[in-house]
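Each chain is listed here by its residues.
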Amino acid sequence: MTASGLVFFQSSVFAGREKKNRAERNIMGRAQQERNTDPAEIRKKTDEKYMRQALRQAKKAYDLEETPIGCVIVRDGKVIGRGYNRRNTDKDPLAHAEITAIKKASRKTGDWRLEECTLYVTLEPCQMCAGAIVQARVARVVVGCMNPKAGCAGSILNLLDMKEFNHQVQLETGVLEEECSMLMKTFFKELRMKQKMRKKSLAE
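These numbers come from a predicted model, not from an experiment.

Peer 1: I keep staring at the overall build of the protein chain and nothing clicks. Help me out?
Peer 2: Broken down by element type, the protein chain carries six helices and five strands. Secondary structure elements of the protein chain occur, N-terminal to C-terminal, as α-α-β-β-α-α-β-α-β-β-α. Of all 204 residues assigned to the protein chain, the portion counted as buried reaches 37%. In the protein chain, the share of contacts with a sequence separation of at least 24, taken over all contacts with a separation of at least 6, comes to 58%. Of the roughly 13100 Å² of accessible surface on the protein chain, 53% is carried by carbon and sulfur atoms.

Now the structure itself:
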């Protein structure tokens, strides 16, 4: 093979490889694009985004030495209501995160019906909050961690999906479950330590 022929052959091989690489990159790019536009993946990322905002609300309760539960309500990609547990601070049995967020969202929209809204809460709603969610006609609820002792979105019973009511709520659970659960566990661990120290100081 002549020198010019060798150069041509090498160029052809290189061009072929480059063409193959481009094809592989295009396939990978399309696959990535499909993943990015997958409705389930988009919803998962959206739910995690707003659950992180609910966690920020829960940390406000934590700072007040309240049980760290936080809630946000979203409509059309915007947060229209926020709340966190203030039951002890306000001396109010109704001052739960969900109730506060529902009140704020209703004021924002000018309507008690929240039919196009998603409510994100770090801990499974109690019977009062689950009832309020149904009354407000919330479309969807996303829960961080479950509450086996008092939860009414599936743990003890599911008030959000009772066919006897005139409204049922779509439910998603386990979103950022580990983070939500860890916040609760840390709070109660610290609370037990503080109570133990108080008892010790009183005994001295």
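Peer 1: Explanation requested: the pairing of strand 1 (residues 70-75) in the structure shown.
Peer 2: Burial of strand 1 is extensive: five of the six residues sit out of reach of the surface. Pairing geometry for strand 1 and strand 2 (residues 78-84), over six bridges, is antiparallel. Along strand 2, the bridge assignment pairs Arg 75 with Lys 78. Here strand 1 hands over to strand 2 after two residues, with Asp 76 in that stretch at a positive phi of 55 degrees. Bridge count for strand 1 against strand 3 (residues 118-123) is four bridges, and the pairing is antiparallel. Across the sheet, residue Val 74 finds its bridge partner in strand 3, namely Thr 118.

Peer 1: Is there a simple way to explain the nonpolar core in this structure?
Peer 2: In globular proteins that are soluble, nonpolar side chains generally tend to be buried together. Among the nonpolar cores identified, the biggest contains 47 residues, and Ile 73 and Leu 119 are the most heavily contacted of them. Sort the elements by how many residues they give to this core and helix 2 (residues 39-63) lands first, with six residues. If near-sequence neighbours (up to four positions away) are discounted, Leu 119 is found in contact with Cys 71, Val 72, Ile 73, Glu 98, Ile 102, Ile 133, Val 138, Arg 140, Val 141 and Val 142.

Peer 1: Explanation requested: helix 5 (residues 127-135) in the structure shown.
Peer 2: For an α-helix, the turn length of 3.6 residues means that residues three or four places apart are oriented alike. Within the span of helix 5, buried status applies to Cys 129, Ala 130, Ala 132, Ile 133 and Val 134. Considering only its buried residues, helix 5 is in contact with helix 4 (97-109), strand 3 and strand 4 (140-145). Just beyond helix 5, the residue with positive phi is Arg 137, at close to 60 degrees.

Peer 1: Explanation requested: the packing of helix 4 against helix 5 in the structure shown.
Peer 2: Each pair of packed helices gets described by two things: the angle between the helix axes and the distance between those axes. Between helix 4 and helix 5, whose axes approach to 9 Å, the crossing angle comes to 25 degrees. Between helix 4 and helix 5, the angle falls in the class roughly parallel. Remark: the crossing between helix 4 and helix 5 carries left-handed chirality. Of the residues in helix 5, those touching helix 4 at Glu 98, Ile 99 and Ile 102 are Met 128, Cys 129, Ala 132 and Ile 133. For the contact of helix 4 with helix 5, the class distribution of residues is six nonpolar, no polar and one charged.

Peer 1: Where do I start with the packing of helix 2 against helix 6 (residues 177-203) in this structure?
Peer 2: Across the interface, helix 2 lies against helix 6 with an axial gap of 11 Å and an inter-helix angle of 5 degrees. Our classification of the angle between helix 2 and helix 6 gives roughly parallel. Contacts between helix 2 and helix 6 involve Met 51, Leu 55, Ala 58, Lys 59 and Tyr 62 from the first element and Glu 179, Cys 180, Leu 183, Thr 186, Phe 187 and Glu 190 from the second. Considered class by class, the residues forming the contact of helix 2 with helix 6 number seven nonpolar, one polar and three charged.

Peer 1: Can you walk me through the environment of Ile 102 in this structure?
Peer 2: Mapped onto the fold, Ile 102 is located in helix 4. With 21 residues separating them along the chain, Ile 102 and Gly 81 place their C-alpha atoms 6.5 Å apart. With near-sequence residues (within four places) excluded, Ile 102 lies in contact with Ile 73, Leu 114, Leu 119, Ala 132, Ile 133 and Ala 136.

Peer 1: Teacher, can you tell me more about unusual backbone geometry here?
Peer 2: Most peptide bonds take the trans configuration, and most residues that are not glycine carry a negative phi. In this structure, Asp 76 is a non-glycine residue whose phi angle is positive, near 55 degrees. Relative to the helices and strands, Asp 76 is located in the loop between strand 1 and strand 2. Phi angles above zero are rare outside glycine, and Arg 137 is one such case at about 60 degrees. Of note, Arg 137 is situated in the loop between helix 5 and strand 4. Using a relative accessible area of 19% as the deciding quantity, one classes Arg 137 as buried.

Rules used in this analysis
Residues numbered from 1 in each chain as written. Predicted model: local features only at pLDDT ≥ 70, side-chain atom pairs only at ≥ 80, totals over all residues. Heavy atoms only, no water. Helix = DSSP H or I, 4+ residues; strand = E, 2+ residues; numbered from the N terminus. Buried < 20%, exposed > 50% of the residue type's maximum accessible area, 1.4 Å probe, protein only. Contact = heavy atoms within 4.5 Å. Areas by Shrake-Rupley, 256 points an atom, 1.4 Å probe, with all protein chains shown as cover. Pairing = 2+ DSSP bridges. Core = buried A, V, L, I, M, F, W, Y, C linked by side-chain atoms within 4.5 Å. Axes fitted to C-alpha atoms, helices over the stretch in contact; angles between N-to-C directions. Parallel < 35°, antiparallel > 145°, perpendicular 65-115°, else oblique. Left-handed = near helix turned anticlockwise from the far one by under 90°. Nonpolar A, V, L, I, M, F, W, Y, C, P; charged D, E, K, R; others polar.

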